[in-house]
Amino acid sequence: MRRCCDSRGALGEGVLTAPAGERSAPAAQRIGFSRTREGLLCDAVPIERIAKECGTPVYIYSASAIREQYSALEAALGSLNHRLHYSVKANSNLAILKLLKGLGAGVDIVSGGELFRALLAGFTGDDIVFSGVGKTEREMEEALRADVLLFNVESEQELHVLAEVATRLKRRARVALRVNPEVLVDTPHPYTRTGGKGMKFGIAFDEALAVATVAMDLPGIHLVGLDMHVGSQISQLAPYEAGLNRLLHLRTEIEHSAKIKLGYLDMGGGLAVSYESNDAIDISAFGGAVNEMLGSVGMRILLEPGRFLVGNAGALVTRVLYRKRSGGKNFIITDAGMNDLLRPSHYHAYHRIEAVSHVGLGTIADVVGPVCESGDFFAVDRQVDDVVRGDLLAVHSAGAYGFVMASNYNSRPRPCEVLVDGSSFSVVTRREDYNDLVRAERGAS
Ligand SMILES: *Cc1c(COP(=O)(O)O)cnc(C)c1O
């Protein structure tokens, strides 16, 4: 696993450039995408055709890739008493939610807006766990009315507020305590670590027993489980094993001192996918380890994968607007920018980039967007296809934390989203137009 992606490093310092072995990256990285004489395909549809019909920039997702990842994880978990609760924030498009619902997934939500989406997509309360460090009373009310399976509660104060809201509504909230297992997590970027000591997430480990005791006595609260989420893009088993060990230990303590049974253990998400050559989690080893640790604990195990299910199933396709040289550097200027895909700029994330049609020659260049920020880049000093104005580029592994983080910065309408399934595709989000930009503003006609 590469461990160079440290935000404290200088801009683009090795981070966004091509890692060794990039050219021979494994097929997993291109899941759902393949190359033939017609150029790059998503499932069986030429990307060129989608770009022609839908314009650019466009997010393109492969339904088969999502199904494949879902079944791979299901297969790895085997007979464990479990359910996958897809983390909606990774990609909250209704079509993708419906696709995952069809596969049997539940969802993990972090806001009232995501609850709204989940219900629209056809999920019911039983399918939904509600996570998040800052739930508002309104969001709690909405989730109580939807009768969600679990509230993952992150502080003692939140617990008291939830008790009040539930009592007011004459309901009882099923609660899992999100505990910070305070494990060392090594993710490619500090912003995606959540389970270390002193982070804003979860209840401090040494306070969890006391909070459980409080929960026992609160009206409107039914304590049924424990929860953790240690971070995102985790490629090692150790953080999961360490975290689960601590949670199981805590469970014994709580059950013993409070004389209750905790039926749910939510182990969060974070499973890494490969953006480069070798940093994906070994999913069958993961399944084996989880089965070994949890196979006989007699709890229902919930997982909240987001990125793992959709990350590599999507690409952002963009057209080259200009080429230029400046200060001894080559620039490829695309019609997609950081407002469309924020990850390179925000996390210094690496995304593989390739020309949609065969180009042959390579060059070293920065791939940058049109936004008026120096941080608007997709690649820095990278060996890339030597594209010219008008060519299409695919920015891979953009299925998770791509469109959902898109904004209208620079008053740029957000791109459209296309879901490909086999040989057909549909526009699942239309491209925004200029009216969309001002729709919520007073003074818009
Ligand atoms: C973001 C998040 C997830 C999903 O993380 P991935 O890295 O996309 O798997 C799961 N659970 C919680 C609580 C989260 O905040």
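All residue numbers here refer to positions counted from 1 along the written sequence of the relevant chain. Local features are withheld for residues below a pLDDT of 70 in this predicted model, meaning they are given only at 70 or higher, and side-chain atom pairs are given and counted only at 80 or more; totals for whole chains, interfaces and linings count all residues. To obtain the side-chain values, all non-hydrogen atoms of the structure were used and water was disregarded.

## Quick look at the nonpolar core
This is how the line gets drawn: What makes a nonpolar core is a set of buried Ala, Val, Leu, Ile, Met, Phe, Trp, Tyr and Cys residues whose side-chain atoms join them at distances within 4.5 Å. Partly exposed residues are those whose accessible area sits between 20% and 50% of the maximum for their type, while under 20% is buried and over 50% is exposed, using a 1.4 Å probe and protein chains only. Put simply, DSSP H or I for four residues or longer makes a helix, DSSP E for two residues or longer makes a strand, and each gets a number counted from the N terminus. Contact between two residues is taken to exist if any of their heavy atoms lie within 4.5 Å; hydrogens are not considered.
Ranked by size, the top nonpolar core spans 107 residues in total, and within it Phe151, Val175, Leu177, Met267, Phe286 and Leu294 carry the most contacts. In terms of residue count, the dominant contributor to this core is helix H2 (residues 63–77) (seven residues). Once you skip the residues sitting within four places of it in the chain, methionine 267 turns out to touch Met228, Tyr240, Leu244, Phe286, Val290, Leu294, Ile301, Leu302 and Leu303. Ranked by size, the runner-up nonpolar core spans 19 residues in total, among them Phe33, Cys42, Cys54 and Ile60.

## Some remarks on the pattern of salt bridges
Quick note on the threshold: A pair is scored as a salt bridge if a Lys or Arg side-chain nitrogen falls within 4 Å of a carboxyl oxygen belonging to Asp or Glu.
Taken as a whole, this structure holds 21 salt bridges when the rule is applied. A salt bridge links arginine 251 to glutamate 255; its shortest N-O distance comes to 3.1 Å. Here glutamate 255 and arginine 251 lie together in helix H8 (residues 238–258), a separation of four residues that amounts to about one turn. On the basis of relative accessible area, glutamate 255 is assigned to the buried category, the value being 14%.

## Looking at the site of the ligand
Worth spelling out the cut-off: One heavy atom suffices: a residue is near a molecule or strand as soon as one of its heavy atoms comes within 4 Å of it. Distance and chemistry together define a polar contact, namely a pair of N or O atoms within 3.5 Å, with one atom able to donate a hydrogen and the other to accept it when in protein, and with adjacent residues in sequence counting only for side-chain atoms on both sides. Residue burial considers only the protein chains on display, and all accessible areas are found by Shrake-Rupley using a 1.4 Å probe.
Around the ligand sit 14 residues in total, of which Lys89, Ser232, Glu304, Arg307 and Tyr401 are the nearest. Residue serine 232 places a side-chain N or O atom 2.3 Å away from an oxygen atom belonging to the ligand. In this structure, tyrosine 401 approaches the ligand through a side-chain N or O atom, which is 2.5 Å from an oxygen atom. Out of a free accessible area of 380 Å², the ligand has 94% covered by protein chains.

## Some words on the pairing of strand E4 (residues 58–62)
Remark: a regular strand shows side chains that alternate across the two faces of the sheet. Basically, it comes down to this: Two strands qualify as a pair provided that DSSP identifies no fewer than 2 bridges between them.
A large share of E4 lies buried, amounting to five of its five residues. Burial along E4 is two-sided: the residues Val58, Ile60 and Ser62 and Tyr59 and Tyr61 are all buried. Taken together, the four bridges between E4 and strand E14 (residues 314–326) define a ladder with antiparallel strand orientation. The partner of tyrosine 61 across the bridge, within E14, is glycine 314.

## Observations concerning the sheet that holds strand E3 (residues 45–46)
An order of E1-E2-E3 is seen for the three strands of this open sheet, with the pairing classed as antiparallel. Taken across any chain shown, the strands that pair with only one partner, and hence form the sheet edges, are strand E1 (33–36) and E3. Pairing geometry for E1 and strand E2 (residues 39–42), over four bridges, is antiparallel. Bridged to arginine 35 within E2 is leucine 40.

## Comments concerning empty space enclosed by the protein
We count it as follows: Only protein atoms enter the 1 Å grid, on which a cavity is a set of points fitting a 1.4 Å probe that cannot get out and a pocket is an open set with protein on both sides within 12 Å along at least 5 of 7 lines, lining residues being those with an atom within 4 Å of a point. Grid points are joined across faces, edges and corners, and a volume is the space filled by probe spheres set on the points. Nonpolar residues are Ala, Val, Leu, Ile, Met, Phe, Trp, Tyr, Cys and Pro. Charged residues are Asp, Glu, Lys and Arg, and all others, Gly as well, are polar.
Tallied over the full model, the rule gives two cavities of 30 Å³ or more. In this structure, the second largest cavity spans a volume of roughly 30 Å³. Lining the second largest cavity are Leu237, Tyr240, Glu241, Leu244, Phe286, Ala289, Val290 and Met293. The set of elements that each furnish at least two residues to the lining of the second largest cavity consists of H8 and helix H9 (283–294). At four residues, H9 tops the list of elements feeding residues into the lining of the second largest cavity. Considered class by class, the residues forming the lining of the second largest cavity number seven nonpolar, no polar and one charged.

## As for the packing of helix H7 (residues 208–217) against H8
Put simply, the rule is: Throughout, an axis means a line fitted to C-alpha atoms (over the contacting stretch in the case of helices), and angles, computed between N-to-C directions, take values from 0 to 180 degrees. Angular relationships are summarised with four words: roughly parallel below 35 degrees, roughly antiparallel beyond 145, roughly perpendicular across 65 to 115, and oblique for the angles in between. Each crossing is labelled by how the near helix is turned from the far one, with a counterclockwise turn of less than a right angle marking it left-handed and a clockwise turn marking it right-handed.
Between H7 and H8, the least distance of the axes is 10 Å, while the angle of their chain directions is 40°. Looking at the two axes, H7 sits oblique to H8. Note that H7 runs across H8; the crossing there is right-handed. Packed against H7, whose contacting residues are Ala208, Leu209, Ala212 and Met216, the element H8 presents Leu250, Glu253, Ile254, Ser257 and Ala258 at the interface. For the contact of H7 with H8, the class distribution of residues is seven nonpolar, one polar and one charged.

## So, the layout of surface pockets
By volume, the largest pocket amounts to about 580 Å³. Taken together, 29 residues line the largest pocket, and the ones lying closest to its centre are Lys89, Thr194, Phe201, His229 and Tyr401. Residue assignment for the lining of the largest pocket shows that the elements contributing at least two residues are helix H10 (307–310) and helix H11 (343–347). Of the residues contributing to the lining of the largest pocket, the split by class is ten nonpolar, twelve polar and seven charged.

## Section: H7
Heads up, the condition is: The arc in question is the one traced by the directions running from the helix axis out to the C-beta atoms.
Of the residues making up H7, those classed as buried are Ala208, Val211, Ala212 and Ala215. One side of H7 holds all its buried residues, which, seen down the axis, span an arc of 105°. The secondary structure elements touched by the buried residues of H7 are helix H6 (156–168), strand E9 (173–180), strand E10 (203–204), strand E11 (221–227) and H8.

## Considering the packing of aromatic side chains
The condition is simple: Centres within 6.5 Å are what make two rings of Phe, Tyr or Trp a pair, Trp counting through its six-membered ring; a difference in plane orientation under 30 degrees is then read as stacked, over 60 as edge-to-face, and the rest as tilted.
As enumerated under the stated definition, the model contains four aromatic pairs in all. On the basis of an interplanar angle of 90° and a centroid distance of 6.0 Å, the ring pair of tyrosine 59 and phenylalanine 403 is categorised as edge-to-face. Highlighted residues: tyrosine 59 in strand E4 and phenylalanine 403 in the loop between strand E19 (392–395) and strand E20 (416–421), separated in sequence by 344 residues. A residue is classified by how much of its surface remains accessible, and phenylalanine 403, at 12% relative accessible area, is buried. Considering the side-chain rings of tyrosine 240 and phenylalanine 286, the 5.1 Å spacing of their centres and the 75° angle between planes classify their relative orientation as edge-to-face. On the criterion of sequence distance, the pair formed by tyrosine 240 in helix H8 and phenylalanine 286 in helix H9 is long-range, its members being 46 residues apart.

## A word on H6
Let me state the cut-off plainly: Helix span, expected: 1.5 Å multiplied by one less than the number of residues in the helix.
Here H6 spans 19 Å end to end across 13 residues, near enough to the 18 Å set by a 1.5 Å rise per residue. Turning to H6, its buried residues number three or more, namely Glu158, Leu159, Leu162, Ala163, Val165 and Ala166. Its buried side turned inward, H6 meets helix H5 (137–145), strand E8 (150–153), E9, H7 and E11. Of the residues trailing H6, lysine 170 is marked for its positive phi of about 55°.

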